[in-house]
Amino acid sequence: MVDWVEYDSFRLRKIPHRFEAGTPNIAGVIGFGASIDYLNRVGIDVISEHDRRLGHFILKEAKKRDYIKVICDDESLDRGAVLSFAIRGLDDLDDVSRYLSDSYGIIVRNGHLCAQPYTQSQTDGQVLRVSGYIYNSEEDIKTFFSALDEICTSMLNISSVSA
């Protein structure tokens, strides 16, 4: 914060350094560097291809289910492994998200995703967002949809879902 301190005066450092009191986040910088090293070892092209493949797989699995309304289901897009969707017949998806987490250990994001005007233009209620990364496989996506099928079968009071 300071460049020099005297008994009765001080000289502040230039902005922005004068606002950075205390020890810098050294552990964060080291961790970030390790993350970059890891991603470089795996290979950005490998990660990118896996992300695209997983994204198309998530979309394909979602479109097999009549109870799901996919937000932006254009298969021609160069998409990553992220998909937002509504569940027909359920406007509030808090319970679905909680069941996935508590009973199956699967974490999803639910709500309006900080884009309420857009989600409201696409559906009447909340959406779920599922995403994958380099540590996820197609088997993980199948597990997610199997869990979602079980939950929705129960919550929508239907005998089974079409998957």
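Rules of the game
Residues numbered from 1 in each chain as written. Predicted model: local features only at pLDDT ≥ 70, side-chain atom pairs only at ≥ 80, totals over all residues. Heavy atoms only, no water. Helix = DSSP H or I, 4+ residues; strand = E, 2+ residues; numbered from the N terminus. Rg over C-alpha atoms; globule rule 2.2 N^0.38 Å. Buried < 20%, exposed > 50% of the residue type's maximum accessible area, 1.4 Å probe, protein only. Areas by Shrake-Rupley, 256 points an atom, 1.4 Å probe, with all protein chains shown as cover. Lys, Arg positive; Asp, Glu negative; His and termini not counted. Charge placed at Lys NZ, Arg CZ, Asp CG, Glu CD. Contact = heavy atoms within 4.5 Å. Patch = residues over 30% accessible without salt bridge, like charges linked within 9 Å, V, L, I, M, F, W, Y side chains within 5 Å. Salt bridge = Lys/Arg side-chain N within 4 Å of Asp/Glu carboxyl O. Core = buried A, V, L, I, M, F, W, Y, C linked by side-chain atoms within 4.5 Å. Phe/Tyr/Trp six-rings, centres within 6.5 Å; stacked < 30°, edge-to-face > 60°.

Undergrad: Is there a simple way to think about the overall build of the protein chain in this case?
TA: In terms of helices and strands, the protein chain carries five helices and six strands. Moving toward the C terminus, one meets the helices and strands of the protein chain in the order β-β-α-α-β-β-α-β-α-β-α. Relative to a compact globule of 163 residues, whose C-alpha radius of gyration would be 15 Å, the protein chain shows 23 Å and is clearly more extended. Overall size of the protein chain, expressed as C-alpha extent along the three principal axes, is 80 × 35 × 30 Å. By the burial criterion, 31% of the 163 residues in the protein chain qualify as buried. Approximately 10,700 Å² of the protein chain is accessible, and the part contributed by carbon and sulfur atoms is 52%. Between the averaged position of the 18 positive side-chain charges in the protein chain and that of its 25 negative side-chain charges there is a distance of 4 Å.

Undergrad: Sorry, what's going on with the side chain of Thr119 here?
TA: You can see Thr119 is positioned in helix 4 (residues 116–122). For Thr119, a relative accessible area of 6% corresponds to the buried category. With sequence-adjacent residues up to four places away left out, Thr119 is seen in contact with His112 and Val127.

Undergrad: Would you mind showing me how to read a negative patch on the surface here?
TA: A contiguous patch of negative charge on the surface is contributed by Asp91, Asp92, Asp94 and Asp124. For Asp91, a relative accessible area of 48% translates into the label partly exposed.

Undergrad: Looking at this structure, how should I read the pattern of salt bridges?
TA: Any two side chains of opposite charge can pair, given that their charged atoms come close. In total, this model carries nine salt bridges according to the counting rule given. Note that Lys64 is salt-bridged to Glu61, the shortest N-O span being 2.8 Å. Judged by its relative accessible area of 6%, Glu61 is buried. A salt bridge links Arg65 to Glu61, with the nearest nitrogen and oxygen atoms 3.5 Å apart.

Undergrad: For this particular structure, what's the right way to read the nonpolar core?
TA: Among soluble globular proteins, nonpolar side chains are generally buried collectively. Ranked by size, the top nonpolar core spans 28 residues in total, and within it Phe85, Ile87, Val96, Leu100, Leu128, Phe144 and Leu148 carry the most contacts. Listing elements by their share of this core, those giving two or more residues are helix 2 (44–63), strand 3 (68–70), strand 4 (82–87), helix 3 (94–104), strand 6 (127–131) and helix 5 (138–155). At seven residues, helix 5 tops the list of elements feeding residues into this core.

Undergrad: Whenever I open this one, unusual backbone geometry confuses me. Can you help?
TA: Phi is mostly negative for residues that are not glycine, and the peptide bonds are mostly trans. Cis geometry is adopted by the peptide bond preceding Pro16, which originates at Ile15 and carries an omega value of 10°. Looking at where Pro16 falls in the secondary structure, it is placed in the loop between strand 2 (10–12) and helix 1 (26–42). The backbone phi angle of Cys72 is positive, close to 60°, even though this residue is not glycine. We classify Cys72 as partly exposed; its relative accessible area is 40%. Of note, Leu113 is a non-glycine position whose phi angle comes to about 55°, a positive value.

Undergrad: Would you explain the packing of aromatic side chains in this entry?
TA: Here a ring pair, both rings aromatic, is described through the centre-centre distance and the interplanar angle of the planes. Tallied over the full model, the rule gives three aromatic pairs. Between Tyr133 and Tyr135, the ring centres sit 5.3 Å apart and the planes meet at 65°, which makes this aromatic pair edge-to-face. Of the aromatic side chains, those joined through ring pairs into one cluster are Phe85, Phe144 and Phe145.

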